[in-house]
Amino acid sequence: MKKRFALKLIAACAIAVSATTGFAQDAIKIANIVELSGAGATAGTNFKNGVELAVKEINAAGGVLGKKIQTTTADTQSNPGVAKGLTQKAIDDNVFAIFGPVFSGSIMVSMAESRRAEVPNFTGGEAASITQQGNPYVFRTSFTQDTAMPKVARYMTDVAKLKSIAIIYVNNDFGKGGLDSIKKALANSSTKVVSEISTESGQIDFSAAVLRAKQSNADGIFAYSNEDESARLLRELKKQGWTKPVIGETTLTGQKVIDLAGEAANGAIAHVGLTVDAPIPAVRAFKAKFEDAYKYVSDHNGMKGYSGVYVLKAAIEKAGKLDRKAVAQAMKGLKVSADKYPGALMDTEFDNKGDLDRMSFIVQVKNGKQEVIDTVPPLGSASKGVSKAVPAPAVKK
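A short tour of the structure in this document, coming up.

Rules used throughout
Residues numbered from 1 in each chain as written. Predicted model: local features only at pLDDT ≥ 70, side-chain atom pairs only at ≥ 80, totals over all residues. Heavy atoms only, no water. Pairing = 2+ DSSP bridges. Helix = DSSP H or I, 4+ residues; strand = E, 2+ residues; numbered from the N terminus. Buried < 20%, exposed > 50% of the residue type's maximum accessible area, 1.4 Å probe, protein only. Contact = heavy atoms within 4.5 Å. Right-handed = clockwise from strand over helix to strand, strands pointing away. Phe/Tyr/Trp six-rings, centres within 6.5 Å; stacked < 30°, edge-to-face > 60°. Lys NZ or Arg CZ within 6 Å of the ring centre and 35° of its normal. Axes fitted to C-alpha atoms, helices over the stretch in contact; angles between N-to-C directions.

1. Observations concerning the sheet that holds strand β12 (residues 348–350)
Okay, so step 1: Taken together, three strands build an open sheet; the order of strands is β11-β12-β13 and the sheet is antiparallel. Two strands bound the open sheet, and with one partner strand each, they are β11 (335–336) and β13 (356–357).
Okay, so step 2: Bridge analysis of β12 against β13 gives two bridges, and the strand direction is antiparallel. Considered in β13, the bridge of Glu 349 is made with Asp 357.

2. Focus: the environment of Val 336
Okay, so step 1: Tracing the sequence through the fold places Val 336 in strand β11.
Okay, so step 2: Of the residues examined, Val 336 reaches a relative accessible area of 2% and is grouped as buried.
Okay, so step 3: When neighbours within four sequence positions are excluded, Val 336 is seen to be in contact with Val 311, Ala 314, Tyr 341, Ala 344, Met 346, Asp 347 and Thr 348.

3. Notes on the pairing of strand β2 (residues 68–75)
Okay, so step 1: Direction of pairing for strand β1 (residues 27–34) relative to β2: parallel, over a ladder of eight bridges. In the sheet register, Val 34 faces β2, and the bridge partner there is Asp 75.
Okay, so step 2: In this region the chain leaves β1, passes through helix α2 (residues 41–60) and returns to the parallel neighbour β2; the handedness of that crossover is right-handed.

4. So, the packing of aromatic side chains
Okay, so step 1: Per the counting criterion, the structure on display carries 10 aromatic pairs.
Okay, so step 2: Summarising the aromatic geometry, the rings of Phe 47 and Phe 99 are spaced 6.5 Å apart at their centres and angled 40° between planes, so their arrangement reads as tilted. In this pair, Phe 47 sits in helix α2 while Phe 99 sits in strand β3 (residues 97–99), placing the two residues 52 residues apart along the sequence.
Okay, so step 3: Considering the side-chain rings of Phe 290 and Tyr 294, the 4.8 Å spacing of their centres and the 50° angle between planes classify their relative orientation as tilted. Remark: Tyr 294 and Phe 290 occur in helix α10 (residues 281–294); sequence separation between them is four residues, near one turn of the helix.
Okay, so step 4: A relative accessible area of 0% places Phe 290 in the buried class.
Okay, so step 5: Overall, Tyr 294 belongs to the partly exposed group, its relative accessible area being 23%.
Okay, so step 6: Three or more aromatic residues joined by ring pairs form one cluster here, namely Phe 286, Phe 290, Tyr 294, Tyr 296, Tyr 306 and Tyr 310.
Okay, so step 7: The ring of Phe 143 has Arg 358 sitting right over it, with the charged end atom 5.9 Å from the ring centre.

5. Some words on the sheet that holds strand β7 (residues 192–199)
Okay, so step 1: Read from one edge to the other, the open sheet built from seven strands follows the order β7-β6-β8-β9-β10-β14-β15, with strand pairing classed as mixed. Strand pairing shows two members of the sheet lacking a second neighbour, β7 and β15 (369–376), which therefore form its edges. The sheet shows a mean angle of 25° between the axes of neighbouring strands, taken without regard to direction.
Okay, so step 2: When strand β10 (residues 269–272) meets strand β14 (residues 360–366), the two strands line up antiparallel, connected through four bridges. In the strand pairing of β14, Ile 269 is matched with Gln 364.
Okay, so step 3: Sheet contacts for helix α7 (residues 207–215): β6 (164–170), β7 and β8 (220–224); angle to β7, the most-contacted strand, approximately 170°.

Put into structure tokens, the structure is as follows:
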């Protein structure tokens, strides 16, 4: 009896040890849990491709601490419930880290599972609430809305000189979080919100939304929706003869939006945390490599996935060991130098909540392409907000 108990105890201990260290034996296993179908297909596919491109490069250069990275990919179908189930499966498969989902509504649900299992989880989701819950295992590869919105708010007030705006937003976690953040950022400014116009994910007809914006007599529109819907909105604005500024965040001027909206995208302005058209050598190099690998131009989501893997590499090397808890701790206050890790694309700093800060850009669509018209310093720098005194870095050709 005692012998059988002892054997069971030994077996249980062995299982426990393998659960915490098994991933370090052969490879560093990463699960891509992303939107490959449904409303988030564009975002998820770009994110996945960026992750896989970074993994290929890192493995070719010798891996991380002598170990190669191994990836698996699963489609959330843009469904939060599916995302949660896939996260549970990845945990059962003993992955070292999870990348995705990209949609805020999905990561809000699935990150409870990665937190419970103490697995680092990198997301491209931008809803402010993602990192406001004190989850020590979730980290962004993009700005939070609370970081991005003060930057675009300053642009609308100080540069565009808009006295009033109508906000057209998508009625989901992403859109409602953006609405709250931009209103908060504008609260003490001279730019007043005169209309809040809700739209739905997957919406086809934007005629009523545009009509309401016109009837508000706003000086401009702040547009905040997903890629496909943003393109439909821009087309409807052109159809109804809107000539005032249309300003937004990253999704408004993404390449997919430009391709879908055609000429209607010209003139749209957005604050973007990442753009392949940024005048930075590392970014231009990424753009060329991504296009060579996948035969199309990456949007910001591809950059999020790509840079995120290099951030994970930096955190592992800072921890000095393949230990998930140690890596999550190393992410707190992590400063990633683009000189040491060019794949990070820009100097990046993380706070204790998992949010990042770095340089960003104001872009305008001209002749079917993004053009950087201004640079915006990190919020943590001495110079805050949009600054015309900050020149775009020179690009070596």
